[in-house]
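# Structural overview for review
Residue-level listing of the chains:
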Amino acid sequence: MEETATKPGDETEPKTPELPNGTEVEADESGIEPAPEAAEIAIASEGAAEEPQSAGKAQPLNGEGNRTFTMRELLNELKEEEKGAGAKETSGSNGRDAIGDSTAASSSHSQDGLQQHYLGQNDVALDLINNVIGVDEEGRNRQRILAFAAKRYASAIERNPEDHDAFYNWALVLQESADNVDPDSSSPSKDALLEEACKKYEEATQLCPTLHDAYYNWAIAISDRAKMRGRTKEAEELWKQATKNYEKAVQLNWNSPQALNNWGLALQELSAIVPVREKQTIVRAAINKFRAAIQLQFDFHRAIYNLGTVLYGLAEDTLRSGRPTKEVSPNELYSLSAIYIAAAHALKPNYSVYRSALRLVRSMLPLPYLKVGYLTAPPAKNPIAPHKDWERSQFVLNHEGLQQVTKGDKQLSPSARLQGSAHNDKSLVKVDVPDIVSVSACADLTLPPGAALCIDTVHGSIYLVADTWDSLDGWLDAIRLVYTIFARGKSDVLAGIITG
């Protein structure tokens, strides 16, 4: 379902290497996944998974609304109906029928008015779904089930216009049907189905303002509509709507790395359309969303990769403009970008998009290390030393751990790094990856002023201070990623990347 888009940046420079953003990942590698093909997946939910939810799929409903139906259940009922036996309705856990009738409206007159209001809308949506054919035999079979499900939800709304679950599930069916449209077909259009899905999501959220899954999937539907419109003013407005719905979804369910990742992708797309004066603010917001997603799920490779691409685009823009971004040079941004892309590849080495991107950015790493930079450290084995005794010195990070390689501001040359002579100096700080328990930012009055971090290890805590808050974010992410890669048993992949 993903449409190919160029990397954020200047398209007029043919010599600029292209790095695909998160919306270009192939098939099952996309930031917003395509619809799964398994026959047992529930129409209305995909369930909580490690990967981002697919478009048209959501996490299970948490309220007392109607339960959802698996493909097998709907198929069995469809066969029974075709045989003249009728579709048997089963009882939900709360004693109501499976269509999910809610408590009757207090006024039968007002309910009748709502029923009449929705009849016309139901007819339009059903006509669209019934005209979807499907691209192949499997698609046609699936569409028959989707059309059957749509009738069930339409019937539920006619009986009870305040059934928010029926609106929500019907929106999912419309969104799924949009993915099932034959690209060569002119009617119905994918956009028309998505537009109807958006209307159903809006109705569902008006009836149940806390339905975070509806806001999440509504944002995906809007994003898909925006992609069809390129870099136009209409697309800009749709991307803005999508970001607002992702924001609402996160407000209602903060523990959703998928929503944060998709929010970041929507901001990244928006940044490519808005005027230049607004771009950097939106790019910074996208960086924050990807980073927040990673902090919720350290091995979320999609968000890791997407953060790499947005940093790469920022480096390109900074290089062209000649103005550093918050005192961060283009080379530093390129190096940061390479760290995240290398980490994504280490976690998912079989993903071709990550592999291709890594070939582009690997030379931007401070090989044979993943990260090289400065931190202020206390004297060895004396973390509570007076501030005047702390020294700013160079540190290196690789698949084995974090190592202080010099004392003072003296920079170690690449050749000296390769020799590793400083690694035997017992007076230098060294943290082995297997010993790490946790890594976090910290605020402690005993530390020198600045952006401090604490690395808790099995041997005790190590405190360091970064030069800036942006630098702190980079160190925290890099150390966590190296540990996550180790914990997932992929250290050998990372070692291969940085040692060649």
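Identification of the chain as Protein HLB1 from Elaeis guineensis var. tenera is taken from an unreviewed UniProt entry.

## Side note on the overall build of the chain
When helices and strands are tallied, the chain shows 15 helices and seven strands. Scored against the burial criterion, the 500 residues of the chain give a buried share of 53%. For the chain, restricting intrachain contacts to residue pairs at least 6 apart in sequence, the fraction spanning at least 24 positions comes to 65%. When the accessible surface of the chain is split by element, carbon and sulfur atoms take 50% of a total near 22,300 Å².

## Focus on helix α5 (residues 190-207)
Counted at 1.5 Å a residue, the expected span for α5 with its 18 residues is 26 Å, and the 26 Å between its end C-alpha atoms agrees. Among the residues making up α5, those that are buried are Asp191, Leu193, Leu194, Glu196, Ala197, Cys198, Lys200, Tyr201, Glu203, Ala204 and Thr205.

## A closer look at the nonpolar core
Judged by nonpolar contacts, the single largest core of 115 residues is most densely connected at Leu402, Leu453 and Ile455. No other element matches helix α11 (residues 330-347), which puts 12 residues into this core. Contact partners of isoleucine 455, with chain neighbours within four places excluded, come to Leu402, Val431, Ile436, Ser438, Val439, Gly460, Ser461, Ile462, Leu464 and Ile479.

## Points about the packing of aromatic side chains
Under the criterion given, the structure shown has seven aromatic pairs. Seen in terms of ring centroids, tyrosine 215 and tryptophan 218 are 6.2 Å apart; in terms of plane orientation they differ by 25°. Their pairing is stacked. Here tryptophan 218 and tyrosine 215 lie together in helix α6 (residues 212-227), a separation of three residues that amounts to about one turn. Judged by relative accessible area, tyrosine 215 falls into the buried class, the value being 11%. For tryptophan 218, a relative accessible area of 13% translates into the label buried. An angle of 65° between the planes, with centres 6.1 Å apart, marks the rings of tyrosine 216 and tyrosine 246 as edge-to-face. You can see tyrosine 216 sitting in helix α6 and its partner tyrosine 246 sitting in helix α7 (residues 233-252), a full 30 residues away along the chain. As far as the burial class goes, tyrosine 216 and tyrosine 246 line up, both buried. These aromatic residues form a ring-pair network of at least three members: Tyr305, Tyr351 and Tyr354. If you follow lysine 200 out to its NZ or CZ, it ends over the ring of tryptophan 170, 4.3 Å from the centre. Of note, lysine 289 hangs over the ring of tryptophan 263, and the distance from its end group to the ring centre comes to 4.1 Å.

## Things to note about the environment of glutamate 237
Note that glutamate 237 resides in helix α7. When the C-alpha positions of glutamate 237 and isoleucine 222 are compared, they lie 9.9 Å apart, and in sequence the two are 15 residues distant.

Definitions and cut-offs
- Residues numbered from 1 in each chain as written.
- Predicted model: local features only at pLDDT ≥ 70, side-chain atom pairs only at ≥ 80, totals over all residues.
- Heavy atoms only, no water.
- Helix = DSSP H or I, 4+ residues; strand = E, 2+ residues; numbered from the N terminus.
- Buried < 20%, exposed > 50% of the residue type's maximum accessible area, 1.4 Å probe, protein only.
- Contact = heavy atoms within 4.5 Å.
- Areas by Shrake-Rupley, 256 points an atom, 1.4 Å probe, with all protein chains shown as cover.
- Expected span 1.5 Å × (residues − 1).
- Core = buried A, V, L, I, M, F, W, Y, C linked by side-chain atoms within 4.5 Å.
- Phe/Tyr/Trp six-rings, centres within 6.5 Å; stacked < 30°, edge-to-face > 60°.
- Lys NZ or Arg CZ within 6 Å of the ring centre and 35° of its normal.

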